[in-house]
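Overview (structure and organization)
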Amino acid sequence: MSRYVFYDFETTGISPAFDHPLQFAAIVTDEHLNEVDRVDIRCQAAPQVLPSPIALHVTNIKPEQAINKNQPTPFEFAQTLQKFTKDWAPACWMGYNTIAFDEPMMRQVFYQNLQPEIFATQINGNSRLDVMKMVFSTHAEAPGTLT
């Protein structure tokens, strides 16, 4: 059975080395694009991370939400995310600008939180597709195809 995972992160900033996700949302579909599963998980900001005001504005996450102690910790968030990658495999993981932004952010959050499969979207039969790169390629090869 083929599955597709459409996903996105909302983060404290743009640097995987210094920032981390505050939210992960995904929709899993079957090969006919029928929805199979959906998640939207959030976590509190790590104590050492000061969220960028611009990132909070872009993501529409309020500062009080970022420090909400009722949210999972970044470690619990990483564990939950790693479980999703295992449960949904094999799948094609896709989103907009995922190769340049979301993938490095996911790898870093796994690395920093001691999750063993930091390349989760590339193992266990998974593959990945960056919709932004697909759109650029389509436009380059066949201008006017996408309107």
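Here's what I pulled together on the structure shown here. For every chain, the first residue of the written sequence is number 1, and numbering continues from 1 along that sequence. Per-residue local features of the predicted model are confined to residues with pLDDT of at least 70, and side-chain atom pairs are confined, for both listing and counting, to 80 or more; whole-chain, interface and lining totals are unaffected and use all residues. Excluded from the side-chain calculations are hydrogens and water; all other atoms, namely the structure's heavy atoms, are used.

What follows concerns the pattern of salt bridges. For salt bridges, the criterion is a side-chain nitrogen of Lys or Arg within 4 Å of an Asp or Glu carboxyl oxygen. By the definition in use, this model includes four salt bridges. Of the charged contacts in the structure, one is a salt bridge between Lys-83 and Asp-87, with a shortest N-O distance of 2.5 Å. Separated by four residues within a single helix, Lys-83 and Asp-87 lie in helix H3 (residues 74-88), roughly one turn from each other. Arg-128 is the salt-bridge partner of Glu-103, the closest N and O atoms lying 3.6 Å from each other. With Glu-103 in helix H4 (residues 98-112) and Arg-128 in strand S5 (residues 127-130), this residue pair connects regions lying 25 residues apart in the sequence. Secondary structure counts use DSSP, requiring at least four H or I residues in a row for a helix and at least two E residues in a row for a strand, with both numbered from the N terminus.

Aromatic pairs are defined between Phe, Tyr and Trp rings, using the six-membered ring for Trp, whenever the two ring centres lie within 6.5 Å; interplanar angles under 30 degrees are classed as stacked, those over 60 as edge-to-face, and all others as tilted. Tallied over the entire structure, the rule returns six aromatic pairs. Look at Phe-9 and Phe-24: their rings are 5.2 Å apart centre to centre, the planes differ by 50 degrees, and that puts the pair in the tilted class. Pair noted here: Phe-9 is in strand S1 (residues 3-11) and Phe-24 is in strand S2 (residues 21-30), with a separation of 15 residues, a long-range link. Only protein chains enter the calculation, and the probe is 1.4 Å; a residue is then buried if its accessible area is under 20% of its type maximum, exposed if over 50%, and partly exposed in between. Residue Phe-9 is classed as buried on the basis of its relative accessible area, which comes to 3%. A ring pair is formed by Phe-84 and Trp-88, whose centres lie 4.9 Å apart and whose planes are at 5 degrees; its orientation type is stacked. Of this pair, Phe-84 and Trp-88 are both found in helix H3, four residues apart, which corresponds to roughly one turn of the helix. There is no split in this pair, since Phe-84 and Trp-88 are both buried.

Our focus in this paragraph is the packing of H3 against H4. Axis angle and axis distance: for two packed helices, these are the angle between their axes and the distance between the axes, and together they describe the pair. For helices, the fitted line uses only the C-alpha atoms of the stretch in contact; every axis is such a line through C-alpha atoms, and the angle between N-to-C directions lies from 0 to 180 degrees. Relative to each other, H3 and H4 sit at 120 degrees, their axes nearing to 9 Å. By the criterion of interaxial angle, the relationship of H3 to H4 is oblique. Every pair of crossing elements has a handedness; the one defined by H3 and H4 is left-handed. In this structure, H3 uses Ala-78, Leu-81, Gln-82 and Thr-85 to contact H4, whose residues at the interface are Met-106, Val-109 and Phe-110. Gly counts as polar in this scheme, as do all residues outside two lists: the nonpolar Ala, Val, Leu, Ile, Met, Phe, Trp, Tyr, Cys and Pro, and the charged Asp, Glu, Lys and Arg. Looking at side-chain class alone, the contact of H3 with H4 contains five nonpolar, two polar and no charged residues. Geometric relationships in this document are graded by angle, where less than 35 degrees denotes roughly parallel, more than 145 denotes roughly antiparallel, 65 to 115 denotes roughly perpendicular, and other angles denote oblique. Crossing handedness is read from the near helix: turned anticlockwise from the far helix by less than a right angle, it gives a left-handed crossing, and turned clockwise, a right-handed one. Any two residues whose heavy atoms approach within 4.5 Å are treated as being in contact.

In this section: a nonpolar patch on the surface. To count toward a patch, a residue needs a relative accessible area above 30% and no salt bridge. Like charges then connect within 9 Å, nonpolar side chains (Val, Leu, Ile, Met, Phe, Trp, Tyr) within 5 Å. Each accessible area is a Shrake-Rupley result for a 1.4 Å probe, and residues are judged covered by the shown protein chains and nothing else. A cluster of nonpolar residues, Tyr-96, Val-135, Phe-136 and Leu-146, forms a patch on the protein surface that exposes about 410 Å² of accessible area. Relative to the assigned elements, Val-135 resides in helix H5 (residues 131-141). In this structure Val-135 comes out as partly exposed when scored by relative accessible area, which is 31%.

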